[in-house]
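Below, each chain spelled out in residue letters.
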Amino acid sequence: MKVPISWLREFVDIKADPAEVAQILTLAGHEVEEIFDPYQNLGEIVTVKILEIFKTEDLQEVVVCKVTDGKNTFEVLTTAKEQVRPGLIVALAKPGSLTFDHEKIEVKTVKGYRSEGMFLSPFEAGVSPEKDRLLAFSDEVELGLSIYKILNISEPVLDIAITPNRGDLLSIWGIARELNLITDWELRPPVFPEDLKEGEPFSGKIEIWDSTSCFRYIGRLFKGITVKESPFEIRRRLFLVGQRPINNIVDITNYVLLELGQPLHAFDWAKIAGSHVIIRKAKRGETLLLLDGNWRTLSEEDLVIADKEKALVLAGIMGGEESGVTENTWDVFLESAWFNPKSIRLTGQRHRITTESSYRFERGVDPNGVFLAVLRATDLFVRFAEPKEISQIVDVYPQPYVPNPIELPVKKVSKVIGFDIGEERVEATLKKLGNLVREGDTFKLIPHSFRQDLRIPEDLIEELARLYGYDQIPSKMPFGELTSRAPQREFVLKDKIKEILTGLGFYEVITYSFINPEYLSKLSLAPEDRRLIPLKLSNPISSSLSVLRTSLVPGLLEVAKFNSHREVEDLKIFEIGKVFFPQSELAEEREALGLMLKGHHLEGAPWEGKRRQFDLYDLKGFIEALFSLLRLSVEIKPFSREPFLKKGLSFDLYVGETRIGYAGEIKRLILEELDLKGPILIAELDLELVSQAKSQQLEDIAIKKPPKFPSTFRDITFIISKVVTYAEIKAYIDSLEIPFLERVELFALYEGEPIPPGEKSLSLRFWYRGEERTLTDEEVEELHRRVAKELFEKFGARPR
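Note that the structure is predicted; figures quoted are calculated from it, not measured.

Asker: Sorry if this is basic, but what is going on with the overall build of the protein here?
Answerer: Looking only at helices and strands, the protein features 20 helices and 41 strands. The C-alpha atoms of the protein give 40 Å as radius of gyration, which overshoots the globular expectation for 800 residues (28 Å, by more than 25%). Considering only C-alpha atoms, the protein reaches an extent of 125 × 85 × 60 Å along its principal axes. Counting every position in the protein, which comprises 800 residues, the buried fraction comes to 48%. Each charge sign in the protein was given a centre, from 106 positive and 128 negative side chains, and these centres are 3 Å apart.

Quick look at the structure:
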């Protein structure tokens with residue numbers, strides 16, 4: 001919010017310089033980001049002396065003036081040939097600067113004559129309304145100085161950051177009220193003659209068809225107005241806050257918006273069919289050409305101002321091109337309204353439009369300020385648009401504003417703030433915020449209509465602390481009893497997984513929860529797969545981030561693609577994040593773990609340069625290591641049913657009978673569609689199922705002291721059917737409960753000649769150890785023969 005100090009003085013008796021005012025507002029919670037002077041931002045506008053004047057035959061309308069700024073000499077072309085003379089000191093806008101009317105000055109060449117700047121009139125310099133003469137100075141003036149320094153023109157403007165809950169501060173009048181509240185400086189409320197409320201009978205009709213989106217609508221008709229350039233005082237005020245003037249009618253609506261915080265809109269009355277103004281929801285598929293030159297297709301949730309035939313305005317946001325005021329407009333219909341902030345906000349987001357009006361409506365305008373703004377606009381219309389006839393004010397108010405009283409117990413103030421302000425000060429401050437009544441030990445406040453941010457007792461307490469002065473609040477160490485509780489199991493599990501995977505050499509990545517729906521369609525998922533039915537965003541950042549992810553795979557593939565385009569082909573990454581699925585009310589959110597291996601793995605010391613391409617066994621090994629360190633038994637079942645994984649190079653992961661995830665190599669055709677080179681190995685696990693399995697597993701962690709006695713091993717090599725997996729063999733051996741057996745390892749697997757087709761050769765190593773004594777060879781051999789016999793009989797194997 002840009003606030004010129006000179007404009008602010010009209011409403012409050014300021015007793016401090018601009019820097020002090022900025023300090024006062026900042027300490028009260030309204031940060032003043034900058035104090036600037038718009039005149040200084042115009043650039044180099046300095047005094048120069050005319051040395052010589054040249055008239056040429058080929059330049060009939062202009063003369064060439066040789067001028068100096070006290071340091072350099074250059075030439076300027078001017079059409080004011082009757083006013084210039086040698087020795088005259090005038091204002092010159094140098095190239096790169098701007099005039100008060102926002103015209104940029106550039107070096108120009110006309111018929112070979114170069115003009116390095118432009119002489120300014122008082123109007124072009126923003127000094128006075130005069131346009132027909134050059135801005136000249138006395139002979140004593142120093143050359144090359146800023147004309148604003150010479151004329152002692154300074155217009156400090158405060159650029160204030162207004163928080164979203166304080167829509168009442170988005171105006172000059174609002175800042176004046178706030179300064180009065182903070183400092184008790186005298187306030188000068190706007191007052192208008194009573195006759196401004198009177199008028200001729202209104203010749204049209206106004207109806208509100210949707211009172212939940214439009215709470216109040218005021219209209220007034222001005223007949224026989226003159227559309228022309230705004231007067232200098234209006235243009236100057238708009239210039240100070242960075243707005244361009246358009247015409248007197250539009251400029252007055254903008255002026256009132258800035259001054260009182262109430263958006264207005266002016267219609268060409270002749271373009272309203274049937275003289276009937278209707279506030280309604282848009283019809284499905286209805287279109288509207290807005291003032292920005294773009295057609296918008298409206299939804300049934302959009303509020304519009306319409307006539308009997310069509311929509312005219314996107315209510316509270318932007319006017320329509322077809323009903324706008326032009327130089328040919330004769331009658332103007334003025335609108336002032338109080339719209340539902342939620343409705344305006346949703347419409348603005350839907351169409352991606354933010355305007356000065358919508359910015360204020362979204363934050364809430366003063367319900368009682370709607371009428372005041374009409375009076376102010378009427379005052380300005382009478383002065384600067386000269387209407388021949390003014391109608392009565394038509395006020396359609398189906399839902400009058402009823403403020404909610406707030407009850408605040410006296411003792412609660414010091415309890416929440418932490419120190420005692422004093423009852424008298426509390427009462428005096430609350431009286432400034434609205435109508436206050438004290439009932440025993442409780443204050444009952446009805447806030448002013450413009451303070452819609454005050455709703456609960458805590459709002460009042462915060463306001464008391466703010467107005468007391470944050471810098472005045474005493475500092476003291478907090479006191480209290482601190483309690484703690486163990487972190488939730490899910491958080492402990494996630495942290496443990498991150499620690500393990502980082503230790504295994506993985507890097508963690510974090511991707512967007514929003515993904516491109518095309519990724520899901522390229523994964524060849526079955527039509528009934530719920531991952532193909534993502535939640536769509538109603539207002540996405542872009543079409544490539546328009547749905548919530550149902551899998552971590554698209555995000556990991558996007559990371560691979562991003563790195564590949566930057567010549568990084570070796571990846572060993574993981575991500576823990578939520579995936580989302582539709583359900584009846586809120587989305588179902590599930591925590592998932594994704595792993596990806598791509599490229600090569602470095603073996604040995606870096607300088608040895610031994611690199612090996614990642615394969616499925618690397619991924620399997622990392623997953624087994626992860627679950628081993630989590631002390632959770634996981635079963636690997638080939639092959640995975642995921643359609644985007646190669647069947648022969650994939651597997652599903654089970655804990656008991658529950659499938660918790662999958663892993664494997666992505667199909668080459670899918671990678672080609674995504675412009676990626678393979679192989680890429682990927683795994684995804686449902687961490688909620690892992691957490692449930694972890695909680696159900698009764699862990700008895702046995703801590704053993706280092707063994708005193710040596711171990712020994714025996715090997716068995718046998719031929720067995722390919723159908724039998726090592727996992728089945730290992731599970732059977734564990735079930736035998738063989739004494740002294742410490743562990744079993746598979747150390748060789750062979751297929752091919754001379755092994756018959758359909759069979760394979762396995763080599764297992766069995767480790768034996770006694771805890772109380774050293775085992776004898778005879779004992780070990782006897783146990784080993786028993787194990788071999790059991791295996792051969794169970795699985796139909798034979799020794800090799």
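Let us keep going from here.
Asker: Looking at this structure, I do not really get the packing of helix α2 (residues 18-27) against helix α4 (residues 172-183). What am I missing?
Answerer: When two helices pack together, their arrangement is given by the angle between the helix axes and the distance between those axes. Put simply, α2 and α4 touch, their axes get as near as 11 Å, and they point 80 degrees apart. In terms of their interaxial angle, α2 and α4 are classed as roughly perpendicular. On α4, the residues that touch Val-21, Ile-24 and Leu-25 of α2 are Ile-175, Leu-179, Ile-182 and Thr-183. When grouped by side-chain class, the residues that make up the contact of α2 with α4 number six nonpolar, one polar and no charged.

Asker: Help me out: how do you make sense of the sheet that holds strand β1 (residues 2-4) in this one?
Answerer: Strands belonging to one sheet form pairs held by backbone hydrogen bonds; the direction of such a pair is parallel or antiparallel. Read from one edge of the open sheet, three strands run β1-β11-β2, paired in antiparallel fashion. Bordering the open sheet on either side are β1 and β2 (32-36), each of which pairs with just one other strand. Strand after strand, the sheet turns through a mean of 20 degrees between neighbouring axes, direction not considered. In this structure, β2 lies alongside strand β11 (residues 157-160), joined through four bridges in antiparallel fashion.

Asker: What's the story with the nonpolar core in this structure? I'm lost.
Answerer: One broad trend across soluble globular proteins is that nonpolar side chains are buried collectively. Membership of the largest hydrophobic core comes to 49 residues, with the highest contact counts inside it found for Leu-8, Leu-158, Ile-175 and Ile-249. Not counting residues up to four positions away in its chain, the partners in contact with Ile-249 are Ile-225, Val-227, Ala-266, Val-325, Val-332, Phe-381 and Ala-385. One finds Cys-214, Ile-279, Leu-314 and Ile-317 within the second-largest nonpolar core, a separate group that totals 43 residues.

Asker: I tried to follow the side chain of Thr-47 on my own but got confused; where do I start?
Answerer: Following the sequence through the fold, Thr-47 ends up in strand β3 (residues 45-54). A polar atom in the side chain of Thr-47 sits 2.8 Å from the backbone oxygen of Glu-142. Sequence-distant contacts of Thr-47, that is, excluding residues within four places in its chain, are made with Asp-69, Ile-89, Val-90, Phe-137, Val-141, Glu-142, Leu-143, Gly-144, Leu-145, Ile-147 and Ile-150.

Asker: I would appreciate a short explanation of the packing of aromatic side chains in the present structure.
Answerer: The way to describe two aromatic rings as a pair is by their centre distance and the angle between their planes. If you walk through the whole model with that rule in mind, you get 22 aromatic pairs. Look at Phe-419 and Tyr-468: their rings are 5.2 Å apart centre to centre, the planes differ by 55 degrees, and that puts the pair in the tilted class. Here Phe-419, found in the loop between α10 (410-417) and α11 (423-433), pairs with Tyr-468, found in helix α12 (residues 457-468); they are 49 residues apart in sequence, far enough to count as distant. Judged by its relative accessible area of 13%, Phe-419 is buried. Accessibility expressed as a relative area gives 21% for Tyr-468, which makes it partly exposed. For the pair Phe-644 and Tyr-662, a centre-to-centre distance of 5.7 Å together with 75 degrees between the ring planes defines the contact as edge-to-face. Note that Phe-644 is positioned in the loop between β34 (635-637) and β35 (645-655) and Tyr-662 in strand β36 (residues 658-666), a separation of 18 residues in sequence.

Asker: How should I be thinking about the sheet that holds strand β26 (residues 442-447) in this particular structure?
Answerer: The strand order across the open sheet built from three strands is β24-β26-β25, with neighbouring strands paired in antiparallel fashion. Pairing within the sheet leaves two strands with one partner each, and these edge strands are β24 (406-409) and β25 (434-439). Within the sheet, the average angular offset between the axes of one strand and its neighbour, ignoring direction, is 25 degrees. Against the sheet, α11 contacts β24, β25 and β26, and its axis sits at roughly 140 degrees relative to β25. Relative to the sheet, α12 contacts β24 and β26, its axis offset from that of β24 by approximately 65 degrees.

Asker: Explain the environment of Tyr-468 here, please?
Answerer: In sequence terms Tyr-468 and Val-426 are 42 residues apart; their C-alpha atoms lie 9.2 Å from each other. The residues touching Tyr-468, leaving out its near neighbours within four places in the chain, are Phe-419, Ile-421, Arg-425 and Ile-473.

Asker: Please explain the pattern of salt bridges as it appears in this structure.
Answerer: Working definition: two side chains of opposite charge can pair if their charged atoms are close together. Scanning the model with the defined rule gives 73 salt bridges in all. A salt bridge links Asp-307 to Lys-310, with the shortest nitrogen-to-oxygen separation between them at 3.0 Å. Using a relative accessible area of 2% as the deciding quantity, one classes Asp-307 as buried. Lys-310 sits in the partly exposed class, given a relative accessible area of 27%. Two residues, Arg-611 and Asp-570, come together in a salt bridge whose shortest N-O distance is 2.6 Å. Separated by 41 residues along the polypeptide, Arg-611 in strand β33 (residues 610-613) and Asp-570 in the loop between α15 (553-564) and β30 (571-581) bring together distant segments of the chain. Classification of Asp-570 by relative accessible area gives partly exposed; the value is 35%. One network of salt bridges, with partners in common, ties together Arg-166, Asp-168, Glu-178, Arg-451, Asp-453, Glu-463 and Arg-466.

Asker: How do you make sense of α11 when you look at a structure like this?
Answerer: The periodicity of an α-helix, 3.6 residues per turn, causes residues three or four places apart in sequence to face the same way. Here α11 has its buried residues at Val-426, Thr-429, Leu-430 and Leu-433. Buried residues of α11 fall within an arc of 100 degrees about the axis and therefore sit on the same side. Facing away from the buried surface of α11 by more than 90 degrees, the exposed residues are Glu-424 and Lys-431. Buried-residue contacts for α11 involve α4, β24, α10, β25, β26 and α12.

Asker: What exactly am I supposed to notice about unusual backbone geometry here?
Answerer: Phe-639 follows Pro-638 through a cis peptide bond whose omega is 0 degrees. With respect to the helices, strands and loops of the structure, Phe-639 is situated in the loop between β34 and β35. For the bond running from Glu-753 to Pro-754, omega is 5 degrees, close enough to zero to count as cis. Mapped onto the secondary structure, Pro-754 falls in the loop between β39 (741-750) and β40 (759-768). Positive phi values are uncommon outside glycine, yet Asp-184 reaches one of about 70 degrees. Structurally, the position occupied by Asp-184 is in the loop between α4 and β12 (205-208). With phi around 55 degrees, Arg-631 is a residue other than glycine that occupies positive phi space. Here Arg-631 shows up in the loop between α16 (616-629) and β34.

Each value, and the rule that gives it
- Residues numbered from 1 in each chain as written.
- Predicted model: local features only at pLDDT ≥ 70, side-chain atom pairs only at ≥ 80, totals over all residues.
- Heavy atoms only, no water.
- Helix = DSSP H or I, 4+ residues; strand = E, 2+ residues; numbered from the N terminus.
- Rg over C-alpha atoms; globule rule 2.2 N^0.38 Å.
- Buried < 20%, exposed > 50% of the residue type's maximum accessible area, 1.4 Å probe, protein only.
- Lys, Arg positive; Asp, Glu negative; His and termini not counted.
- Charge placed at Lys NZ, Arg CZ, Asp CG, Glu CD.
- Axes fitted to C-alpha atoms, helices over the stretch in contact; angles between N-to-C directions.
- Parallel < 35°, antiparallel > 145°, perpendicular 65-115°, else oblique.
- Contact = heavy atoms within 4.5 Å.
- Nonpolar A, V, L, I, M, F, W, Y, C, P; charged D, E, K, R; others polar.
- Pairing = 2+ DSSP bridges.
- Core = buried A, V, L, I, M, F, W, Y, C linked by side-chain atoms within 4.5 Å.
- Polar contact = N/O pair within 3.5 Å; in protein donor to acceptor, adjacent residues only side chain to side chain.
- Phe/Tyr/Trp six-rings, centres within 6.5 Å; stacked < 30°, edge-to-face > 60°.
- Salt bridge = Lys/Arg side-chain N within 4 Å of Asp/Glu carboxyl O.
- Arc of directions from axis to C-beta.

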